[in-house]
Amino acid sequence: ETPIEYLKGVGPNRGTLLRKELGIHKYGHLLNFFPNRYIDRTRYYKINELQNNIAEVQIIGKIINVKTVEFGKNQKRLVATFVDDTGQMELVWFQGHKWIRESLKLNEICVIFGKCTSFGNTFNMAHPEIELMTEHQQSLRSAMQPVYPSTETLANRGISNRVINKMMQQLFVETQAKFSETLPDYLIAELKLIPKNAALFNIHFPKSAEALAKAQFRLKFEELFYIQLQLITKNLIRKHKIKGHPFTKVGDYFNNFYQNHLPFELTNAQKRVIKEIRIDMGSNAQMNRLLQGDVGSGKTIVALMSMLIALDNGFQSCLMAPTEILANQHFNGLSELAKELNINIKILTGSTKTAARKIIHEELENGSLHILIGTHALLEDKVKFQNLGLAVIDEQHRFGVEQRSKLWKKSNPNPSDEGEHIPPHVLVMTATPIPRTLAMSLYGDLDISVIDELPPGRKPIQTVHRFDSNRLKVWKFIRDEIAIGRQIYIVYPLIEESKTMDLKDLMDGYESISRDFPLPQYAISILHGKMKPADKDAEMKRFAEGKTNIMVATTVIEVGVNIPNASVMIIESAERFGLSQLHQLRGRVGRGADQSYCILMTSHKLSADSKTRMETMVKTTDGFEIAEVDLKLRGPGDLMGTQQSGVLNLQIADIVRDRDILQLARNYALKILKDDAPMQKPENAVLRATYIELTKKKNIWNYIS
Ligand code: ADP
Ligand code: MG
């Protein structure tokens, strides 16, 4: 807890800098300020070995002269000539001339360290670290030289990596490295972790690569473990606090459907997930569950069977979808599945007529409507249920948290609950695969079910990447597919439906396709967000009934649309789509028995990231694998659509690279809390103390959920 300026060699000025630039206020902050990489300092370069763009190098030699060079208006830089027995180079400073000039020693053997760039025939090193050979030999050296994160201001004000390193040494001297252990003995023994002070020592002064690896493992585990402990504890508290309707029965509706009307054998994954949901809804706590399943994995029937459980317990359900097309499709699909069950299912969207609407409102309030399917229209104030027991939300990424919470208040207070408001169980279904690692960190307080198995008999979609210059061949392929009775999607990027520029691309595309595939031989549908809902439905219907061969569309067809006879997906300007969107679009085909194809069209000019995206799509159809690549390309904050800086603020662990450690940490946190949720057993005293200390300081996980 000692303020950082008291550390020998820091003082008030450097103290202010450390606070402002790095958030280091106290000794403890410095101790936990970890290097972000390590450099091999056993290797010394010669000047004639230098090349452009190699990482930092160190060179032994001497400075033979120093001068100030003027350039531009009133701009100066300090330039020193540095030589070794193979040649000479320049050292350059743009700032801090006075004290640097004073500190430079001419003609003494020293070691310089930094990044080199060539300028004409000479190499130069800007703002190098310089150490006299005598000092260099004395200071702690190992194969692994830590490099700490820095800022420009720090570098310019003379707080170099070497200075940080010295402070760290001083810190270990002053404190005698007496750092208390922060994990319980049994965990340390079981996982063969090194003690805390050994870990801290080796992270800053690694004796060997092996010692460093052990230190990193121990500290990463600890960081992830305490985060998980916090998330899981929150989840337990929530379950304790938020009451739910206990659905204790599995009754006639469910059993009748299961025994007599299942259209196919459920996959094992579907069975497992239904069981998880049933158990969860059967408890006294409100269910708040995320159901992940790749496109086509069969989430709809899971939703229906969950709703039947609600019905068996005397409760209504609703299913909310992001678009009207999708709501319609769900309505048709569910009505078909449930047609023998004698239940009342209705649909409510923006285009529902007033008369029908009135009936729905009435039936909802008197309880005779069992399942209501719809769009955002479900959130309108007029929509009131008698007893909403389960709200299913499809394609979660289209709805915000606020909208979800609105659903909570849809039921009238139940008289038997003495006016207490009990929210419905919530099941959020998404086909946007959230990488397990990220889901675990972000939704650690939400329960997750995963359908990780596709129904049997699906043929994997073949994906290829073609350049615009190959369009003729692609068109020929389309003609061949149409000739054998298949249907084709051609999708244009229309990221925001309002962008007129993109709409023009789509219209131009439509016109040229109409020319290449003329009537009466070919019929073409078009679909975009600017069309009236009725027109959209009509076009969709024509295509679904096989009256048109090609559907030219924007991403409005991205989610959920299910037309089994469509077997080719062509994505125009594919480089403009993100990976998860490409994956969603591809999921529109491969729904029938025929071999399906996805063709990614791009121009020849592709950025490195775009290339990776195309290659990933061609290589795999596994949504989770794709999501992991997406996460690597974009970083977790971006993937979630907002700055989830908390996730990026991890001190040492990395949720992508260290996913195995994350899993391990989560498993241990679960196990320990299951056994001792309040952390009151004597062996968990360290755990409790550290936990309290950490949550006092930083509660960054609060906002999640
Ligand atoms: P999604 O998870 O993308 O919403 P759907 O629920 O729309 O997937 O299911 C995709 C298709 O797979 C539907 O035609 C559905 O009838 C079918 N299906 C779902 N589960 C099974 C299963 N266990 N066996 C065979 N077909 C299934
Ligand atoms: Mg679906």
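Look a little higher up for the structure.
Residues numbered from 1 in each chain as written. Chains lettered and ligands numbered in written order. Predicted model: local features only at pLDDT ≥ 70, side-chain atom pairs only at ≥ 80, totals over all residues. Heavy atoms only, no water.

Enquirer: Hey, could you run me through the overall build of the chain in this one?
Expert: Along its length, the chain carries 26 helices and 22 strands. Taking all 705 residues of the chain together, the buried fraction comes to 51%. Restricting the contact set of the chain to residue pairs at least 6 apart, pairs at least 24 apart contribute 74%. (Helix = DSSP H or I, 4+ residues; strand = E, 2+ residues; numbered from the N terminus. Buried < 20%, exposed > 50% of the residue type's maximum accessible area, 1.4 Å probe, protein only. Contact = heavy atoms within 4.5 Å.)

Enquirer: What should I look at first to understand the site of ligand 1 in this one?
Expert: Around ligand 1 there are 16 residues in total, and E265, G296, K299, T300 and R458 lie nearest to it. Between an oxygen atom of ligand 1 and a main-chain N or O atom of S297, the distance comes to 3.5 Å. The separation between an oxygen atom of ligand 1 and a polar side-chain atom of T300 is 2.6 Å. Across the complex, the protein chains shield 77% of the 570 Å² of accessible surface that ligand 1 would expose by itself. The class makeup of the residues in the shell around ligand 1 is 4 nonpolar, 7 polar and 5 charged. (Near = heavy atom within 4 Å. Polar contact = N/O pair within 3.5 Å; in protein donor to acceptor, adjacent residues only side chain to side chain. Areas by Shrake-Rupley, 256 points an atom, 1.4 Å probe, with all protein chains shown as cover. Nonpolar A, V, L, I, M, F, W, Y, C, P; charged D, E, K, R; others polar.)

Enquirer: Explanation requested: the nonpolar core in the structure shown.
Expert: Soluble globular proteins tend to bury their nonpolar side chains together. Core analysis: the largest hydrophobic core is formed by 36 residues, its most contacted members being F257, V302, L308, I343, L390, V392 and L427. When contributions to this core are tallied by element, the ones reaching two or more residues are α10 (252-261), α11 (268-282), α12 (299-312), α13 (324-337), β13 (371-374), β14 (388-394) and β15 (425-430). For this core, the leading source of residues is α12, giving 10 residues. L31, F34, V163 and F172 belong to the second-largest nonpolar core, a separate cluster that totals 32 residues. (Core = buried A, V, L, I, M, F, W, Y, C linked by side-chain atoms within 4.5 Å.)

Enquirer: I tried to follow the packing of α11 against α12 on my own but got confused; where do I start?
Expert: With their axes 10 Å apart at the nearest point, α11 and α12 run at an angle of 30 degrees to one another. On the basis of their axis angle, the class for α11 and α12 is roughly parallel. Of the two elements, α11 crosses α12, and the hand of that crossing is right-handed. Along its contact with α11, which presents Q270, V273, I274, I277, R278 and M281, the element α12 presents I301, V302, M305, S306 and I309. Within the contact of α11 with α12, the residues separate by chemical class into 8 nonpolar, 2 polar and 1 charged. (Axes fitted to C-alpha atoms, helices over the stretch in contact; angles between N-to-C directions. Parallel < 35°, antiparallel > 145°, perpendicular 65-115°, else oblique. Left-handed = near helix turned anticlockwise from the far one by under 90°.)

Enquirer: Help me understand the pairing of strand β3 (residues 75-84), please; the structure alone is not making it clear to me.
Expert: Two faces, one strand: in a regular strand the side chains alternate between the faces of the sheet. Burial of β3 is extensive: 7 of the 10 residues sit out of reach of the surface. Two successive antiparallel strands, strand β2 (residues 57-71) and β3, enclose a turn made up of 3 residues, where G72 displays a positive phi of approximately 60 degrees. Bridging between β3 and strand β4 (residues 87-93) involves 7 bridges; their strand directions are antiparallel. Considered in β4, the bridge of F82 is made with M89. The hairpin formed by β3 and β4 contains 2 residues between the paired strands. (Pairing = 2+ DSSP bridges.)

Enquirer: Would you take a moment to explain the sheet that holds strand β7 (residues 122-126) for this structure?
Expert: Strand pairing in a sheet is mediated by backbone hydrogen bonds. Such pairs are either parallel or antiparallel. Pairing in this open sheet of 7 strands is mixed, and the strands run β6-β7-β4-β3-β2-β5-β8 from one edge to the other. Every other strand in the sheet has two partners, leaving β6 (116-119) and β8 (129-132) as the edge strands with one partner each. Taking the axes of each pair of neighbouring strands and ignoring which way they run, one obtains an average angle of 40 degrees across the sheet. The pairing of β4 with β7 spans 3 bridges and is classified as parallel. The partner of E90 across the bridge, within β7, is N124.

Enquirer: Just checking my understanding: could you explain unusual backbone geometry for this structure?
Expert: Across residues other than glycine, the phi torsion is negative in most instances, and most of the peptide bonds are trans. Following L519, the chain continues into P520 via a peptide bond in cis, with omega recorded as 0 degrees. In this fold, P520 is placed in the loop between α18 (500-516) and β19 (524-527). At N342, a residue that is not glycine, the phi angle is positive and equals roughly 60 degrees. By secondary structure assignment, the location of N342 is in the loop between α13 and β12 (345-348). On the basis of relative accessible area, N342 is assigned to the exposed category, the value being 68%.

Enquirer: I'm lost on the pattern of salt bridges in this one. Help?
Expert: Note that side chains of opposite charge can pair when their charged atoms are close. Applying the stated criterion across every chain yields a total of 27 salt bridges. Among the salt bridges present, the one from K346 reaches E363, with a minimum N-O distance of 2.9 Å. On the criterion of sequence distance, the pair formed by K346 in strand β12 and E363 in helix α14 (residues 354-366) is long-range, its members being 17 residues apart. Using a relative accessible area of 24% as the deciding quantity, one classes K346 as partly exposed. Its relative accessible area of 16% is what places E363 among the buried residues. In this structure, K681 engages D675 in a salt bridge whose closest nitrogen and oxygen atoms are separated by 3.1 Å. Salt bridges sharing common partners tie together R272, E276, D280, R289 and D452. (Salt bridge = Lys/Arg side-chain N within 4 Å of Asp/Glu carboxyl O.)

Enquirer: In this structure, what is going on with the sheet that holds β14? I would like to understand it.
Expert: Ordered in space as β12-β13-β11-β14-β15-β10-β16, the 7 strands form an open sheet in which the pairing is parallel. Two strands close off the open sheet at either side, each with one partner strand: β12 and β16 (447-451). This sheet shows a mean twist of 20 degrees between the axes of neighbouring strands, independent of strand direction. Where strand β11 (residues 316-320) lies against β14, 5 bridges are found, and the strand directions are parallel. Its bridge partner being in β14, L319 is matched across the sheet by V392. Strands β10 (288-293), β14, β15 and β16 of the sheet are contacted by α11, whose axis makes an angle of about 160 degrees with β16. In this fold α14 packs onto β11, β12 and β13, with an angle of close to 125 degrees to the strand it touches most, β12.

Enquirer: What's the story with a nonpolar patch on the surface in this structure? I'm lost.
Expert: Taken together, the side chains of Y44, I60 and I109 make up a nonpolar region of the molecular surface, amounting to roughly 240 Å² of accessible area. With respect to the secondary-structure elements, I109 resides in the loop between α3 (97-103) and β5 (110-114). With relative accessibility at 46%, the residue I109 sits in the partly exposed group. (Patch = residues over 30% accessible without salt bridge, like charges linked within 9 Å, V, L, I, M, F, W, Y side chains within 5 Å.)

Enquirer: Explain the side chain of E572 here, please?
Expert: Inspection of the secondary structure puts E572 in the loop between β21 (566-571) and α20 (579-586). E572 has contacts with R471, W475, I490, V491, Y492, P493, F577 and M601, leaving out every residue within four places of it along the chain.

Enquirer: I keep staring at the environment of M614 and nothing clicks. Help me out?
Expert: Within the secondary structure, M614 is located in helix α21 (residues 608-619). It is 9.2 Å that separates the C-alpha atoms of M614 and L582, two residues lying 32 residues apart in sequence. Setting aside its immediate chain neighbours within four residues, M614 contacts H465, A574, E575, L582, L600, T602 and L606.

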